[in-house]
Amino acid sequence: RFPTLRFAFLEGGAAWARSLYCELVSHWKKRNRAAMENYNPASMDRAMFVTLAQRYGGMILAEKAEHLADLYRSAGTDPALIDEWAQSQIRSAEDIRDIFAERFFFGCEGDDPLNMIAFDPMGTPFETQLRAFYGSDIGHWDVPDMREVLQETCELVEDGLMNQDQLRDFVFANPVELWTATNPTFFKGTVVESEVAKLLAARPKARPTIKPS
C-alpha cells in the first residue's frame, strides 16, 4: 500500500534482525500457500495409512486404524485461513528479502560487536545485507561520558569487525536513506546537507518490488 514507506526498529540490534530475517524466509519455504498442501489431510493415502498403522502401530492402534484414517482425513481448516501470508501480499521468499533490504532499518547500539552481522550475510538467504544504523545511547543513564559514544562505534573498525565503508553506511548513509525516503529535504539546512546531496545523487534509492495485488 505504501511502497516508499520505511520502518526503523529501535534497539533491536543486528543480531535480532538477521535472526528474524532468516526465520521468516525459512517459515515461508515451509508454510507458503502451495507448501501447505503437503499437510492437507485430504491428500493422505488412506489405504497406506491403514496398512502401516496395522503393521507397526501395535494392537490398540491397529484396531482403530480405519477410524483414525477417516478422522484424520475429515479434519480441516477454513480455506480462508490457510494462507498465512495473504494480508502481507508476500508471494515469494524474494519478497521478504526485498522488504528487509529496502524498507526495514535496524537501530543498533554503537558499541555492539554484533553490528557486523548486518553487513556480513554469512551465508544467510540471498546473501542480503541489512540496513543497520547507529542508535546512540548518549542520553541513557549508563553513559557516563557522552564524548565516548561515537568513539566506541569506531572501535568496531579498529577491532576488524567493520571496514570504513561499512562504518560510514552505519552512521551516515543508512540513516540518510531512512529519513529522506519520504522527505528528500529532511536534512536541508543542516551541516550535512551537502554531503547528503552527494550521497543521494550517487546512490539512487532502490524501490521495493512488492506490488499491491
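These lines cover the structure that appears in this document, whether it is placed above or below. (Residues numbered from 1 in each chain as written. Predicted model: local features only at pLDDT ≥ 70, side-chain atom pairs only at ≥ 80, totals over all residues. Heavy atoms only, no water.)

Another aspect to go through is the sheet that holds strand β1 (residues 7-9). Strand order in the open sheet formed by three strands is β1-β2-β3, and the pairing between neighbours is parallel. Only two strands of the sheet have a single neighbouring strand rather than two, namely β1 and β3 (131-135). Each strand axis lies, on average, 30° off the axis of its neighbour in the sheet, ignoring direction. The sheet contact formed by strand β2 (residues 104-109) and β3 spans five bridges and is parallel. Bridge assignment links Cys 108 to a residue of β3, and that residue is Tyr 134. Set on the sheet, helix α1 (residues 13-31) makes contact with β1 and β2; between it and β2 the angle comes to about 145°. Sheet strands touched by helix α8 (residues 164-180): β1, β2 and β3. Its angle to β3, the strand with the most contacts, is close to 110°. (Pairing = 2+ DSSP bridges. Helix = DSSP H or I, 4+ residues; strand = E, 2+ residues; numbered from the N terminus. Axes fitted to C-alpha atoms, helices over the stretch in contact; angles between N-to-C directions. Contact = heavy atoms within 4.5 Å.)

Moving on to the pattern of salt bridges. For the coordinates displayed, the defined rule picks out eight salt bridges. The residue Glu 66 makes a salt bridge to Arg 46 at a minimum N-O spacing of 3.8 Å. Of this pair, Glu 66 sits in helix α4 (residues 65-74) while Arg 46 sits in helix α2 (residues 46-56), placing them 20 residues apart in sequence. Its relative accessible area of 45% is what places Glu 66 among the partly exposed residues. Among the ionic pairs, Arg 97 bridges to Asp 98, the shortest N-O distance being 3.0 Å. Given the relative accessible area of 26%, Arg 97 is considered partly exposed. (Salt bridge = Lys/Arg side-chain N within 4 Å of Asp/Glu carboxyl O. Buried < 20%, exposed > 50% of the residue type's maximum accessible area, 1.4 Å probe, protein only.)

Okay, the environment of Ala 201 next. Inspection of the secondary structure assignment puts Ala 201 in helix α9 (residues 193-202). Taking the C-alpha atoms as reference points, Ala 201 and Glu 63, separated by 138 residues in sequence, lie 74 Å from one another.

Look at α8 against α9: their axes get within 11 Å of each other, and the N-to-C directions meet at 80°. On the basis of the axis angle, α8 is roughly perpendicular to α9. Across the interface between the two elements, Arg 168, Phe 172, Ala 173, Val 176 and Thr 180 of α8 pack against Glu 195, Val 196, Leu 199 and Leu 200 of α9. (Parallel < 35°, antiparallel > 145°, perpendicular 65-115°, else oblique.)

Turning to the packing of α1 against helix α5 (residues 93-103), a few remarks are in order. Axis separation between α1 and α5 bottoms out at 9 Å; the angle between their running directions is 160°. Regarding the angle of α1 to α5, the classification is roughly antiparallel. Helix-helix and strand crossings are classified by hand; for α1 and α5 the assignment is right-handed. Contacts between α1 and α5 involve Ala 17, Leu 20, Tyr 21, Leu 24, Val 25 and Trp 28 from the former and Ala 93, Ile 96, Arg 97 and Phe 100 from the latter. Of the residues belonging to the contact of α1 with α5, the class tally is nine nonpolar, no polar and one charged. (Left-handed = near helix turned anticlockwise from the far one by under 90°. Nonpolar A, V, L, I, M, F, W, Y, C, P; charged D, E, K, R; others polar.)

The full count for this structure, using the stated rule, is 14 aromatic pairs. Each ring, one from Trp 28 and one from Trp 85, has its centre 5.4 Å from the other, and the planes form 80°; the classification is edge-to-face. Placement of the pair is Trp 28 in helix α1 and Trp 85 in the loop between α4 and α5, with a sequence separation of 57 residues. Taking relative accessible area as the criterion, Trp 28 reaches 11% and is therefore assigned buried. The exposure class assigned to Trp 85 is buried, which follows from its relative accessible area of 6%. When the centroid spacing of 6.4 Å and the interplanar angle of 85° are considered together, the rings of Phe 119 and Phe 170 count as edge-to-face. (Phe/Tyr/Trp six-rings, centres within 6.5 Å; stacked < 30°, edge-to-face > 60°.)

By themselves these figures say nothing about function.
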